[in-house]
Amino acid sequence: MRVSFAPGKVMCMTWDELLASNAALSGEVRRSHEALKIAQLTIDKMKVELAYLRRMKYGRSSERLEQPQPQLELVGGQAAPLAGMPSTQAEPGGDDGQKSNVSSLEKARAKRQRPGLREMPEHLPRRTVVHTPLGGCDCQACGAGLREIGQDVSEVLDYEPGTFHVVRHVRPKLACAGCHTISQALAPSRPVDRCMAGAGLLTHILVSKFADHTPLYRLCQIFGREDIELGRSTITDWVGQAGWLLTPLAQAIGRYVLKAAKIHGDDTPIRSLGGKGKKAHTGRLWVYVRDDRPSGDKSPPAVWFQYSADRKGEHPVRHLKNFTGILQADAYAGYNALYEGGRITEAGCWSHARRKVWDIHIKQHGLPGTLAHQALVRIGEVFKVEAEVNGRSALRRRRMRQTRTAPVLKELKDWMTQTLAQVSAKSPMALAIGYSLSNWTALTNFVDDGRIDAHNNTAERALRGVAIGRKNYLHVGSDAGGNTAAVIYTLLGTARLNGINPQRYLHYVLERIAEHPSHRIDELLPWAVADKLSKTTDAQVLPMAA
């Protein structure tokens, strides 16, 4: 066989050689296609990660799924649901569905309205200023005397910045003229020995940094405007000493948290400078929350923080060595050792599973009908039931979930299995579905146990203040500073969960803890002193500038 390449030149190739050359070229094309496919998958994955990082830095934190407008058919004008998604269309036979939708929208709109401050709080002190006419008590027209026939009263909310004052402790020495005995009162105790700061100032510094996220150097600048020159190292020492003083109380809260049948766990990074002679590194703040109010339990909620210099799995194992029950957390591999032996039951978080799909949905510009959107709609049915069972008893929650949530999860698993077989194994959607399917047992344990929540948002909310704080003060000075931060966050977070003003609570504790018996430390727990700090009995969740 002859193959001509150019005029005057002839190259002879046998049939076998031609087939071999064709096979080689076909293999090269096939390898190029595979490399191109892998590169495209890598690009898609990087786009999802880029979208996630952009949303974390610049975007809104809300992950609420916007309900798209229903697609209208070309003939008839009837609304048709998107293919492959659960139908939410009302049954025919009246306007009940439309009326219920309108009423629900009105209720949602009413909830979104911010009431504002219509009346001044009654507990605030009043300073009355009386404005008399220019002529005094005499009429400017005829000169006769004036008598009051009424008055107009208006109130203005005003504020005076915090002021410093010095407390002088005077202890007179009294001598007996008969026996020459000298008597003198004992020196009052201070929160920190040989410290010039009183309980009020220490409280203000701790709350300003760990609740209001004000770095210590800014506090120094604020104090300087009042001609109070305090060095940053001085305030830092005060914070460390106060943290050491409050450590037994934080440990008591930790013991109370670990007595629960179910706790929420999570962790977040925090940069540590390492101290003198050490390199800066990324430490971790671990949080464990006891809050069974969603299942109707009336026990006081509490949060316990722990610090570690790294994220090794040995730390949660050490923290929870005395705990037996349910741990609601994400699928971090460091928790796996806790689940061995059956002492601790794993409960997953649907918010984590949903977030992986949500990142893909954002990368796809929120287009309806995509696989990511279909998954979000199905997961949304689970959260819809959870909104209805929140606050009910554990038994009632289990019954409602087995009746309504179990079929939704079964259909969701079937859809995920079918979808996983249709998409590339390395695509972001396959990874998101794989996360849910590989942790399916942990994610579905809440159906048969009413004490378990469907998500771990309780722990994430507890870490919100830390996330905002580290954006302001950037780091802790050392690992010891991380332990101090864990102690203060424990007290402030627990006070917030119990509706107690953290300023009043810390001030109350710092005035007493130095001389309080260690075996009666539970008497200073937030819920134990709540009645002494608040005039009202109804607890409200107080914000921590988060």
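Let me sum up the structure you'll find in this document. From a predicted model like this one, the values you see are computed outputs, not experimental measurements.

## A look at the overall build of the protein
Okay, step 1: Counting secondary structure elements, the protein contains 17 helices and 11 strands.
Okay, step 2: Taking all 546 residues of the protein together, 36% fall into the buried category.
Okay, step 3: Across the protein, contacts joining residues at least 24 apart in sequence account for 66% of those joining residues at least 6 apart.
Okay, step 4: Of the accessible surface of the protein, which amounts to about 34,700 Å², a share of 53% is contributed by carbon and sulfur atoms.

## Some remarks on the pattern of salt bridges
Okay, step 1: Summed over the entire model, instances satisfying the criterion amount to 18 salt bridges.
Okay, step 2: The salt bridge involving R284 is made with D267; its shortest N-O contact spans 2.4 Å. Of this pair, R284 sits in strand β8 (residues 281-290) while D267 sits in strand β7 (residues 262-272), and the two are 17 residues apart along the sequence.
Okay, step 3: On the accessibility criterion, R284 (13% relative accessible area) is buried.
Okay, step 4: Of the charged contacts, one joins D267 and R311 as a salt bridge, the two residues approaching to 2.9 Å between their closest N and O atoms. Of this pair, D267 sits in strand β7 while R311 is found in the loop between β9 (302-308) and α6 (314-319), placing the two residues 44 residues apart along the sequence.
Okay, step 5: When its relative accessible area of 8% is taken as the criterion, D267 is described as buried.
Okay, step 6: It is possible to trace a salt-bridge network through shared partners that takes in K262, D292, R397 and D453.

## Re unusual backbone geometry
Okay, step 1: Phi at H213 is positive, roughly 60 degrees, even though this residue is not glycine.
Okay, step 2: Residue position: H213 is located in the loop between α3 (199-210) and α4 (216-224).
Okay, step 3: Phi at L474 takes a positive value of approximately 70 degrees, unusual for a residue other than glycine.
Okay, step 4: As for its position among the elements, L474 is in the loop between α14 (464-473) and α15 (479-497).

## So, the layout of surface pockets
Okay, step 1: Of the volumes computed, that of the second largest pocket is approximately 1,800 Å³.
Okay, step 2: Considering the residues around the second largest pocket, the lining is formed by 41 residues, among which T163, H165, G200, L201 and H204 are closest to the centre.
Okay, step 3: When residues of the lining of the second largest pocket are traced back to their parent elements, those giving at least two are α3, α4 and α16 (502-512).
Okay, step 4: The residue inventory of the lining of the second largest pocket, partitioned by class, reads 21 nonpolar, 13 polar and seven charged.

## With respect to the sheet that holds β9
Where strands meet in a sheet, backbone hydrogen bonds hold them as pairs that are either parallel or antiparallel.
Okay, step 1: Taken together, the five strands give an open sheet; going across it, the order is β9-β8-β7-β10-β11, and neighbouring strands pair in mixed fashion. Both edges of this open sheet fall to β9 and β11 (344-347), since each of them pairs with a single strand only. Neighbour-to-neighbour, the strand axes of this sheet turn through a mean angle of 30 degrees, independent of strand direction.
Okay, step 2: Two elements, strand β10 (residues 325-328) and β11, share four bridges in a ladder whose sense is parallel. Within β11, the residue paired with G325 across the bridge is I344.
Okay, step 3: Those strands touched by helix α5 (residues 232-258) are β7, β8 and β9, and its axis lies near 115 degrees from that of β9.

## What about the pairing of β8?
Okay, step 1: The element β8 is extensively covered by neighbouring structure, given that eight of its 10 residues are classed as buried.
Okay, step 2: Bridge count for β8 against β9 is seven bridges, and the pairing is antiparallel. Bridged to R284 within β9 is S308.

## Examining the packing of α15 against α16
Okay, step 1: Direction vectors running N to C along α15 and α16 enclose 125 degrees, while the axes themselves pass 9 Å from each other. Compared by their axis directions, α15 and α16 come out oblique. Handedness of the crossing formed by α15 with α16: right-handed. Between α15 and α16, the residues in contact are L491, L492 and A495 and P502, Y505 and L506, respectively.
Okay, step 2: Looking at the contact of α15 with α16 residue by residue, the classes come out as six nonpolar, no polar and no charged.

## A word on α4
Okay, step 1: Buried within α4 we find L216, L219, C220 and F223. One face of α4 carries all of its buried residues, which in axial projection span an arc of 105 degrees.
Okay, step 2: The inward-facing, buried residues of α4 abut α3 and α5.

## Remarks on the packing of aromatic side chains
Okay, step 1: Within this structure, the stated rule accounts for nine aromatic pairs.
Okay, step 2: Judged by centre distance (5.3 Å) and plane angle (85 degrees), the rings of F210 and Y489 are edge-to-face. Of the two residues, F210 is situated in helix α3 and Y489 in helix α15; the sequence distance between them amounts to 279 residues.
Okay, step 3: We classify F210 as buried; its relative accessible area is 3%.
Okay, step 4: Every member of this aromatic cluster is reached through a ring pair, and the members are F210, F305 and Y489.
Okay, step 5: If you follow R290 out to its NZ or CZ, it ends over the ring of Y256, 4.1 Å from the centre.
Okay, step 6: Of note, R311 hangs over the ring of Y332, and the distance from its end group to the ring centre comes to 4.0 Å.

## A word on empty space enclosed by the protein
The method is simple in principle: a probe with the dimensions of a water molecule rolls over the atoms, and the space it marks as empty is what remains.
Okay, step 1: The tally for this structure, following the rule as stated, stands at one cavity of 30 Å³ or more.
Okay, step 2: Every residue lining the largest cavity is listed: A329, D330, A331, E346, G348, C349, Y435, N439, A442 and L443.
Okay, step 3: For the lining of the largest cavity, the class distribution of residues is six nonpolar, two polar and two charged.

About the cut-offs
- Residues numbered from 1 in each chain as written.
- Predicted model: local features only at pLDDT ≥ 70, side-chain atom pairs only at ≥ 80, totals over all residues.
- Heavy atoms only, no water.
- Helix = DSSP H or I, 4+ residues; strand = E, 2+ residues; numbered from the N terminus.
- Buried < 20%, exposed > 50% of the residue type's maximum accessible area, 1.4 Å probe, protein only.
- Contact = heavy atoms within 4.5 Å.
- Areas by Shrake-Rupley, 256 points an atom, 1.4 Å probe, with all protein chains shown as cover.
- Salt bridge = Lys/Arg side-chain N within 4 Å of Asp/Glu carboxyl O.
- 1 Å grid on protein atoms, 1.4 Å probe; cavity = no way out; pocket = protein on both sides within 12 Å on 5 of 7 lines; lining within 4 Å.
- Points joined across faces, edges and corners; volume = space filled by probe spheres on them.
- Nonpolar A, V, L, I, M, F, W, Y, C, P; charged D, E, K, R; others polar.
- Pairing = 2+ DSSP bridges.
- Axes fitted to C-alpha atoms, helices over the stretch in contact; angles between N-to-C directions.
- Parallel < 35°, antiparallel > 145°, perpendicular 65-115°, else oblique.
- Left-handed = near helix turned anticlockwise from the far one by under 90°.
- Arc of directions from axis to C-beta.
- Phe/Tyr/Trp six-rings, centres within 6.5 Å; stacked < 30°, edge-to-face > 60°.
- Lys NZ or Arg CZ within 6 Å of the ring centre and 35° of its normal.

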